[in-house]
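Residues per chain are reported as follows:
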Amino acid sequence: MSDSDARCLVEMVRDYYGTSDPIPLHAPVFKGKEKELVLDCIDSTFVSSVGAYVDRFEQAMASYTGAARAVATVNGTAALHTALLLAGVEAGDLVITQPLTFVATCNAIAYCGAEPVFVDVDRDTLGLSPGALQQWLETNAFLDRDGLCRTRDDNRRVRACIPMHTFGHPADLNGLLHVARDWNLILVEDAAESLGSLYQGRHTGTFGTLGVLSFNGNKILTTGGGGMILTDAALGARAKHLTTTAKQPHPYEYVHDEIGYNYRLPNLNAALGCAQLEQLETFVQIKRELAAAYEALFAGSALRFVKEPQDCRSNYWLNAVVCESRTHRDALLEATNRQGVMTRPIWTLMSRLNMYQSCRRGPLASAEWLEDRVVNLPSSVPAGRLP
């Protein structure tokens, strides 16, 4: 990376956002009916865990994604925890995932008393590699007489597989589904970052048995904090029951038929989500235009822009470049942040964190290579570019 690369990036970002103020990595934008719907919710007095906006948000998200059922939760981690429970993950199980992800992916596995297994990613998608997944299973696992996937060394059950659609770029879902079917693994999509992203014309999060979304303040659509489970009608009904304290319907009695969770999204947050969802396609369009501008800027430079995979539509939640080395990565991070343009490195690999250092893993060459080189760029939707 040359000094001119950093200088051109800073100039382009400042020109795009039209400000000399510090530029964040990803900030929310509220230019629609957010105030109107939130105030309406307040006037209704239904600001907590029940209300018309929760139902409206769930129905609208199911319609947008094409899922049979969408169940709102208080955050994406709660959605993923619940999805794993619905997938039958139990204490002592193993769940395969990628080390290049946000910590919530692994924490949700740990909440179930299960343990993550780290398998490498593909460099082009940044998502879980079907080839690496197949290789790890062939080397370390077998199918028992009941068709359950188990480890050769200690007979642990391998119950599920969680690919993550990194920065909004869809993973190789066809390849992953093929491997998961062969090994009787339940596929749970961590689509926290990929709302608005399509794989071969179909929304991410709807290919696996379950998928999860996040509506944190830094996501393409925010409810302040929130998440969603995408699944079929039967599992959706079960998800709704578990996330609402497992309370049986009754006009006034309080009867709970199992251990449930208070993972309900407040109506107030859902009102914000309804207004944001009305603008989502515009958000995606503007973010894709920004991505095209970044791609043009870096054409012919030492920085490789991370593009959407073939036959996919990425929401480009966070734009990213791949630097030549960790030294070049650190130089870009220092130069941009010093000039008030926020950039950040990709996450530290989960396999390096203290609580997950002893977990099983396959070779992680691609994840380690990307960890040393990837830098995220400012990716907010500028309010001034909205209609």
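Residues numbered from 1 in each chain as written. Predicted model: local features only at pLDDT ≥ 70, side-chain atom pairs only at ≥ 80, totals over all residues. Heavy atoms only, no water.

**Details of the packing of aromatic side chains**
Tallying each qualifying case throughout the model produces eight aromatic pairs. An angle of 10° between the planes, with centres 6.2 Å apart, marks the rings of Y294 and F298 as stacked. Of this pair, Y294 and F298 both sit in helix α10 (residues 280-298), four residues apart, which is roughly one turn of the helix. By relative accessible area, Y294 is classed as buried at 0%. (Phe/Tyr/Trp six-rings, centres within 6.5 Å; stacked < 30°, edge-to-face > 60°. Helix = DSSP H or I, 4+ residues; strand = E, 2+ residues; numbered from the N terminus. Buried < 20%, exposed > 50% of the residue type's maximum accessible area, 1.4 Å probe, protein only.)

**Overview of the sheet that holds strand β8 (residues 198-199)**
As summarised here, the arrangement of the three strands in space is β9-β8-β13, forming an open sheet in which the pairing is antiparallel. The sheet terminates laterally at β9 (202-203) and β13 (312-313), the two strands that pair on one side only. Note: β8 against β9, two bridges, orientation antiparallel. Paired with L198 across the bridge in β9 is H203. (Pairing = 2+ DSSP bridges.)

**Examining the nonpolar core**
Counting 77 residues, the largest nonpolar core has F57, M61, F167, M228 and Y294 as its most contacted members. What M228 contacts, discounting residues up to four positions off in sequence, is F57, E58, M61, A70, V71, A72, T73, A79, G211, V212, L213 and F215. Residues L137, L173, L177 and L187 belong to the second largest nonpolar core, which totals 25 residues. (Core = buried A, V, L, I, M, F, W, Y, C linked by side-chain atoms within 4.5 Å. Contact = heavy atoms within 4.5 Å.)

**What about the state of the cysteines?**
With the rule as written, the count across this model stands at zero disulfides. C161 carries a free sulfur, and the closest cysteine sulfur to it, the one in C149, is 10 Å from it. (Disulfide = S-S within 2.5 Å.)

**Digging into the sheet that holds strand β10 (residues 210-214)**
Ordered by their spatial adjacency, seven strands build an open sheet running β1-β11-β10-β7-β6-β2-β3, and the pairing between neighbours is mixed. The strands lining the two open edges of the sheet, one partner per strand, are β1 (69-73) and β3 (115-118). In this sheet, adjacent strand axes meet at a mean angle of 25° when their direction is disregarded. As paired elements, β10 and strand β11 (residues 227-231) share four bridges and run antiparallel to each other. Following the sheet pairing, G211 is matched in β11 by L230. (Axes fitted to C-alpha atoms, helices over the stretch in contact; angles between N-to-C directions.)

**A word on the environment of G51**
Its location among the elements puts G51 in the loop between α2 (34-44) and α3 (52-65). In the structure, G51 is positioned ten residues away from C41 in sequence and 8.4 Å away in space, judged by C-alpha atoms. Once residues within four sequence positions are removed from consideration, G51 is found in contact with F46 and N267.

**Observations regarding unusual backbone geometry**
The phi angle at L126 is positive, at roughly 65°, despite the residue not being glycine. By the element assignment, L126 lies in the loop between β3 and α6 (130-140). For F167, which is not glycine, the phi torsion reads 60° and is therefore positive. Its place among the elements puts F167 in the loop between β6 (158-162) and α7 (173-182).

**Structural notes on the pattern of salt bridges**
The tally for this structure, following the rule as stated, stands at 16 salt bridges. We note a salt bridge from D144 to R150, for which the minimum N-O separation is 2.8 Å. (Salt bridge = Lys/Arg side-chain N within 4 Å of Asp/Glu carboxyl O.)

**A few points about the pairing of β10**
Within β10, five of the five residues are buried, which leaves the element mostly enclosed by the surrounding structure. Residue alternation in β10 divides its side chains into two sets, L210, V212 and S214 and G211 and L213, and both sets are buried. Where strand β7 (residues 186-190) and β10 come together, three bridges link them in parallel fashion. Following the sheet pairing, D190 is matched in β10 by V212.

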